[in-house]
Amino acid sequence: MARNGRYGLNEAIQVGFLGCGVVGGAAARIIAEHSPDLEERCGARIEIKLIAVRSLAKDREVSLPDQSFTTDPFEVVSDPDIHIVVEAMGGIEPALDLILTAIKNGKHVVTANKELMSTMGRDLVEAAESAGVDVLFEAAVGGGIPIIRPIKESLAGDRIRRVMGIVNGTTNYILTRMSERGEGFAEALGEAEALGYTELDPTADIEGFDAAQKTAILSSIAFNVLVVAGDVQREGIARVTAQDISAAHELGYEIKLLSVSEVADGAIAARVHPAMIPRTHPLANVRDVFNAVFVEGEESGELMFFGRGAGGGPTGSAIVGDVAEVARHIVSGGTSIGWTHRVRARITPLDNVRVRYYVVLSVLDEPGVLSAVAGVFAHYGVSIASVRQEGSGDGATLALITHAGTEGQHSKTFQELHALDVVKAVDSRIRVVGTEEL
Ligand code: NAP
Ligand code: HSE
């Protein structure tokens, strides 16, 4: 491109969009509204050339002439005038094919697609490196929170030991509404959908797939080894009940969908699951759609990143930040460091991971029950930190919290408790985090 304009380039950088929904629509609006600022910050004018959508009939957040929209996404990735393609449609196909075509055609790519980046990220970045273009994906994790670039660039000199946090806005919104307003699960989910927080299929949020994809991306960047979504142990919030939440409150805890990844002896343990967190812990106070990520560096110590984890404005801001980064490269030369983690990580077997549990058992109301239950825990070497007996007759329950032991020890204990004559049901088992060293 010619370089003698006021800020660097005398022609505008053209952006094409794949998708103009919650995220794409907000990003396109931000580019249109912030055009003069972006020009000053990047050294070139940034314009939207073409946007691919499924339906031409819908109202859009950005106001552009009709000819700026198409229903053929391949028109966007093949347009010779477009320099940067923003992928905000989601899913694996046709997004993968479109991005690879864009890269082959020499276009830089900015994406919010964690599903794609957590499964095919290495292939995409390698294709981009061969083509000498950028693939940036800040919007894929933590919505509006800058987290990918700080870990990849600002913390490149440190060794990160652990990344822990709340990385799904929808489930955090639902759990907050259930906890603070006593709302039902379905009602809270409906609100999250209306606010544009959920994935196209909200099962991805509820069952922890979205959080596992983000955990894989964060782990890969933090530990500089390739972790894919399938490497992350996953459990969603569907089994968390109103009773669990009120029991947690009585004990001084909140229940959150937690993402944890850590490195020990060169292996990675990465998992997503509901966890009881003491109310005094900063993560217990991350409410609604907010996300927070704690990073523990050997040299930097504890860092916390906090902000809105979903929604158009925050995620659109992250996309436009990446577009600006690419624009600067177009103006000044160079490309981003894409993906330095190419070697597949060694994954710690789940059974070896150390955890604590809160367990509720429906039991027979008769002498000897407590000692039979305690005997099973003792048999597998799981130490009990506290036990409460509640109710009587048909409603008799035991609520226990364990000291740290392995997942393997705990799961064998739960299996045997199921089979015990005096135990009618294992009603709840939720991991407890943040109260003692594991
Ligand atoms: P969305 O509101 O459903 O938007 C998807 C857009 O893609 C729509 O404009 C849709 O067109 C278009 N589209 C889908 N398939 C298409 C096709 N085959 N051809 C042309 N256009 C197509 O979804 P979203 O919430 O913005 O999410 C988009 C991506 O951002 C996903 O990867 C998601 O995981 C990620 N993300 C979302 C959030 C969030 O808070 N929502 C946050 C971070 C990342 P129509 O409008 O015509 O239907
Ligand atoms: N559905 C996702 C969430 C969007 O709720 O966190 C942001 O990635």
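Remember, predicted model here, so these are calculated numbers, not experimental data.

1. Overview of the overall build of the protein
Phase 1: Within the protein, the secondary structure is distributed over 14 helices and 18 strands.
Phase 2: Taken over the C-alpha trace, the protein has a radius of gyration of 24 Å; the compact-globule value for 438 residues is 22 Å, and the two agree within 12%.
Phase 3: Along the longest, intermediate and shortest principal axes, the C-alpha atoms of the protein span 85 × 45 × 35 Å.
Phase 4: The buried share of the protein, taken over its 438 residues, is 55%.
Phase 5: Partitioning the contacts of the protein with sequence separation of at least 6, the portion at a separation of at least 24 is 72%.
Phase 6: A total accessible area of about 18,300 Å² is found for the protein, and carbon and sulfur atoms account for 48% of it.
Phase 7: One finds the centroid of the 39 positive side-chain charges in the protein at a distance of 3 Å from the centroid of its 59 negative side-chain charges.

2. So, the site of ligand 1
Phase 1: With respect to spatial proximity, 24 residues lie near ligand 1, and among them Ser55, Lys58, Arg60, Glu199 and Gly311 are the closest.
Phase 2: In the environment of ligand 1, an oxygen atom lies 3.0 Å from a nitrogen or oxygen atom belonging to the backbone of Val22.
Phase 3: With respect to ligand 1, the backbone of Gly196 contributes an N or O atom lying 3.0 Å from a nitrogen atom.
Phase 4: Look at ligand 1: alone it shows 900 Å² of surface, and the protein chains cover 87% of it.
Phase 5: The class makeup of the residues in the shell around ligand 1 is 11 nonpolar, 8 polar and 5 charged.

3. Let's talk about the site of ligand 2
Phase 1: Ligand 2 sits among Lys114, Asn168, Gly169, Thr170, Tyr197, Thr198, Glu199, Asp205, Asp210, Lys214, Gly309 and Ala310.
Phase 2: Taking Lys114, its side chain carries an N or O atom lying 2.5 Å from an oxygen atom of ligand 2.
Phase 3: Contacts to ligand 2 include Thr170, whose side-chain N or O atom sits 2.7 Å from an oxygen atom.
Phase 4: Notes on ligand 2: free accessible area 260 Å², of which the protein chains cover 94%.
Phase 5: Contributions of two or more residues to the shell around ligand 2 are made by helix 7 (169–181) and helix 10 (209–223).
Phase 6: In terms of residue class, the shell around ligand 2 is built from 2 nonpolar, 5 polar and 5 charged.

4. A look at the side chain of Glu407
Phase 1: The topology assignment puts Glu407 in helix 14 (residues 407–419).
Phase 2: Looking at Glu407, its side chain comes within polar contact range of the side chain of Arg431, at 2.6 Å.

5. Notes on the side chain of Thr215
Phase 1: Inspection of the secondary structure assignment puts Thr215 in helix 10.
Phase 2: On the basis of relative accessibility, which here comes to 1%, the residue Thr215 falls in the buried class.
Phase 3: Not counting residues within four places of it along the chain, the set of residues in contact with Thr215 comprises Val167, Val232, Ser259, Val260, Ser261, Ala270, Arg271 and Val272.

6. Comments concerning the packing of helix 2 (residues 35–42) against helix 12 (residues 312–332)
Phase 1: Closest axis-to-axis distance for the helix 2/helix 12 pair is 9 Å, and the angle between their directions is 45°. As summarised for this structure, helix 2 and helix 12 are arranged oblique, according to the angle between their axes. Taken as a pair, helix 2 and helix 12 cross one another with a handedness that is right-handed. Touching Leu38, Arg41 and Cys42 of helix 2 are Val320, Ala324, Ala327, Arg328 and Val331, all from helix 12.
Phase 2: Partitioned by chemical class, the residues of the contact of helix 2 with helix 12 number 6 nonpolar, no polar and 2 charged.

7. Considerations on the domain arrangement of the protein
Phase 1: What the domain assignment reports for the protein is domain 1 (3–142 + 313–332), domain 2 (148–309) and domain 3 (351–432).
Phase 2: Measuring from the centre of the C-alpha atoms in domain 2 to the corresponding centre in domain 3 gives 26 Å.
Phase 3: Each partner contributes residues to the interface: domain 2 has 14 residues there, and domain 3 has 11 residues.
Phase 4: Of the roughly 1,100 Å² buried at the junction of domain 2 and domain 3 (both faces included), carbon and sulfur atoms supply 56%.
Phase 5: When the buried area of domain 2 at its contact with domain 3 is split by residue, Asp244, Leu251 and Met276 rank highest and sum to 39% of it.
Phase 6: Here Glu235 makes a salt bridge to Arg431, at a shortest N to O gap of 3.2 Å.
Phase 7: Across the domain 2-domain 3 interface, the total number found is 4 residue pairs in polar contact (both at pLDDT 80 or more).
Phase 8: Sorting the residues of the side of domain 2 that touches domain 3 by element identifies helix 11 (242–251), strand 9 (253–264) and strand 10 (267–278) as the ones contributing at least two each.
Phase 9: Here the side of domain 2 that touches domain 3 takes 6 residues from strand 10, the largest share from any one element.
Phase 10: When its residues are assigned to classes, the side of domain 2 that touches domain 3 shows 8 nonpolar, 1 polar and 5 charged.

Cut-off values and rules
- Residues numbered from 1 in each chain as written.
- Chains lettered and ligands numbered in written order.
- Predicted model: local features only at pLDDT ≥ 70, side-chain atom pairs only at ≥ 80, totals over all residues.
- Heavy atoms only, no water.
- Helix = DSSP H or I, 4+ residues; strand = E, 2+ residues; numbered from the N terminus.
- Rg over C-alpha atoms; globule rule 2.2 N^0.38 Å.
- Buried < 20%, exposed > 50% of the residue type's maximum accessible area, 1.4 Å probe, protein only.
- Contact = heavy atoms within 4.5 Å.
- Areas by Shrake-Rupley, 256 points an atom, 1.4 Å probe, with all protein chains shown as cover.
- Lys, Arg positive; Asp, Glu negative; His and termini not counted.
- Charge placed at Lys NZ, Arg CZ, Asp CG, Glu CD.
- Near = heavy atom within 4 Å.
- Polar contact = N/O pair within 3.5 Å; in protein donor to acceptor, adjacent residues only side chain to side chain.
- Nonpolar A, V, L, I, M, F, W, Y, C, P; charged D, E, K, R; others polar.
- Axes fitted to C-alpha atoms, helices over the stretch in contact; angles between N-to-C directions.
- Parallel < 35°, antiparallel > 145°, perpendicular 65-115°, else oblique.
- Left-handed = near helix turned anticlockwise from the far one by under 90°.
- Domains from an automatic or database assignment.
- Buried area = accessible area lost by both parts, 1.4 Å probe.
- Salt bridge = Lys/Arg side-chain N within 4 Å of Asp/Glu carboxyl O.

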